[in-house]
Amino acid sequence: GAVVSQHPSWVICKSGTSVKIECRSLDFQATTMFWYRQFPKQSLMLMATSNEGSKATYEQGVEKDKFLINHASLTLSTLTVTSAHPEDSSFYICSARLVGYQNSPLHFGNGTRLTVT
Amino acid sequence: QQQVKQSPQSLIVQKGGISIINCAYENTAFDYFPWYQQFPGKGPALLIAIRPDVSEKKEGRFTISFNKSAKQFSLHIMDSQPGDSATYFCAASKPNSGYALNFGKGTSLLVTP
């Protein structure tokens, strides 16, 4: 089945530093990847839609300059949390969909637990 | 704004019982309704999904019932097992948003032995 890999699975960083999270589709090509954020015991909130070769589309309220998204290839999207602050601590999850199948199932990575101290 | 409303927030079911989770939506543009299962510290995993042209879909112990006129859909877990204890999310998506998923708030299911 379709596998989405996220790295790292957890990261601790100091306030003011930047952290990069990678999302890879391992056995399929993904034109579109989605980045979600999840607080403890809460739902997944869509942050942005990442399109290969073009700029990401951010949801209302999500700071583009703080959450930099790059989707340079059909198998890799990255989310960089810049100048991280403790309130950025959260569970970040990416998801990907098979190229050419807009309505196909969305596969999720196992998430990255970010803790900013 | 929560586009998909999910209930109950938590559910306790005895082993062998039926777990029922309900979701409702307003936007008639939604045309894809999946259910995801999430264990602590893991990403959500797709369980089963349905489109509005059918009223029911069954896969093993999991069944989705869909009521288009009421704009409601539900997940039934038959013969619930302790291993089913997890958080369940319903979701909905529509074409003009790239089929990004809008999630419900989740239901924490505990199946007791």
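Here the structure is shown first, and the text comes after it.
To keep things clear, this report deals only with the structure shown in the data block. (Residues numbered from 1 in each chain as written. Chains lettered and ligands numbered in written order. Predicted model: local features only at pLDDT ≥ 70, side-chain atom pairs only at ≥ 80, totals over all residues. Heavy atoms only, no water.)

## As for the overall build of chain A
This is how it is decided: Helix numbering and strand numbering both begin at the N terminus, where a helix is a DSSP run of H or I of at least 4 residues and a strand a DSSP run of E of at least 2. Here's how the labels work: a residue is buried when its accessible area is under 20% of the maximum for its type, exposed when over 50%, partly exposed in between, all with a 1.4 Å probe on protein chains only. Throughout, a residue-residue contact means that at least one pair of heavy atoms, one from each residue, lies within 4.5 Å. Only four residue types enter the tally: Lys and Arg on the positive side, Asp and Glu on the negative side; His and the chain ends are excluded. Positions of charges follow a simple convention, taking NZ of Lys, CZ of Arg, CG of Asp or CD of Glu.
Within chain A, the secondary structure is distributed over 0 helices and 11 strands. The order of helices and strands in chain A, counted from the N terminus, is β-β-β-β-β-β-β-β-β-β-β. Principal-axis analysis of the C-alpha atoms gives chain A an extent of 40 × 25 × 20 Å. Buried residues in chain A amount to 49% of all 117 residues. Pairs at least 24 residues apart make up 55% of the contacts formed inside chain A by residues separated by at least 6 positions. Here chain A contributes 10 positively and 8 negatively charged side chains, and the mean placements of these two sets differ by 4 Å.

## Remarks on the overall build of chain B
To keep it simple, the criterion reads: Using C-alpha atoms as the atom set, the radius of gyration is obtained and then compared with a globule rule of 2.2 Å times the number of residues to the power 0.38. For the accessible areas, the method is Shrake-Rupley and the probe is 1.4 Å, while residue cover comes only from the protein chains on display.
Secondary structure summary: chain B contains 0 helices and 11 strands in total. Counted from the first residue to the last, chain B has its helices and strands arranged as β-β-β-β-β-β-β-β-β-β-β. Taking 113 residues into account, the globule formula puts the C-alpha radius of gyration at 13 Å, and chain B, at 13 Å, falls close to it. When the backbone C-alpha atoms are referred to their principal axes, chain B occupies close to 45 × 30 × 20 Å. Looking at chain B residue by residue over its 113 residues, the buried ones come to 45%. A separation threshold of at least 6 residues defines the contact pool for chain B, and within that pool the share at least 24 residues apart is 54%. Of the roughly 5400 Å² that chain B leaves accessible, carbon and sulfur atoms contribute 50%. Of note, chain B has its 11 positive side-chain charges centred 6 Å away from the centre of its 7 negative side-chain charges.

## With respect to the interface of chain A and chain B
Using the following cut-off: Each reported salt bridge corresponds to a side-chain nitrogen of Lys or Arg within 4 Å of a carboxyl oxygen of Asp or Glu. Three classes are used, and their members are as follows: Ala, Val, Leu, Ile, Met, Phe, Trp, Tyr, Cys and Pro are nonpolar, Asp, Glu, Lys and Arg are charged, and the others, Gly among them, are polar.
The interface is formed by 17 residues belonging to chain A together with 18 residues belonging to chain B. Linking chain A to chain B there are 0 salt bridges. For the side of chain A that touches chain B, the elements supplying multiple residues, two or more each, are strand 4 (32-38), strand 5 (44-51) and strand 9 (90-97) of chain A. Counted by class, the side of chain A that touches chain B contains 9 nonpolar, 7 polar and 1 charged residues.

## A short note on a nonpolar patch on the surface
Residues and elements named next belong to chain B. Quick note on the threshold: To count toward a patch, a residue needs a relative accessible area over 30% and no salt bridge; like charges are then connected within 9 Å, while nonpolar side chains (Val, Leu, Ile, Met, Phe, Trp, Tyr) are connected within 5 Å.
Taken together, the side chains of I18, I20 and M78 present a nonpolar region at the surface, about 240 Å² in accessible area. With respect to the element layout, M78 can be found in the loop between strand 8 (72-77) and strand 9 (86-92). By relative accessible area, which is 33% here, M78 ends up partly exposed.

## Some words on the side chain of B:T63
Residues and elements named next belong to chain B. By the secondary structure assignment, T63 is in strand 7 (residues 62-67). Judged by its relative accessible area of 9%, T63 is buried. Discounting residues that sit within four places of it in the chain, T63 has contacts with I48, E56, K57, K58, S74, L75 and H76.

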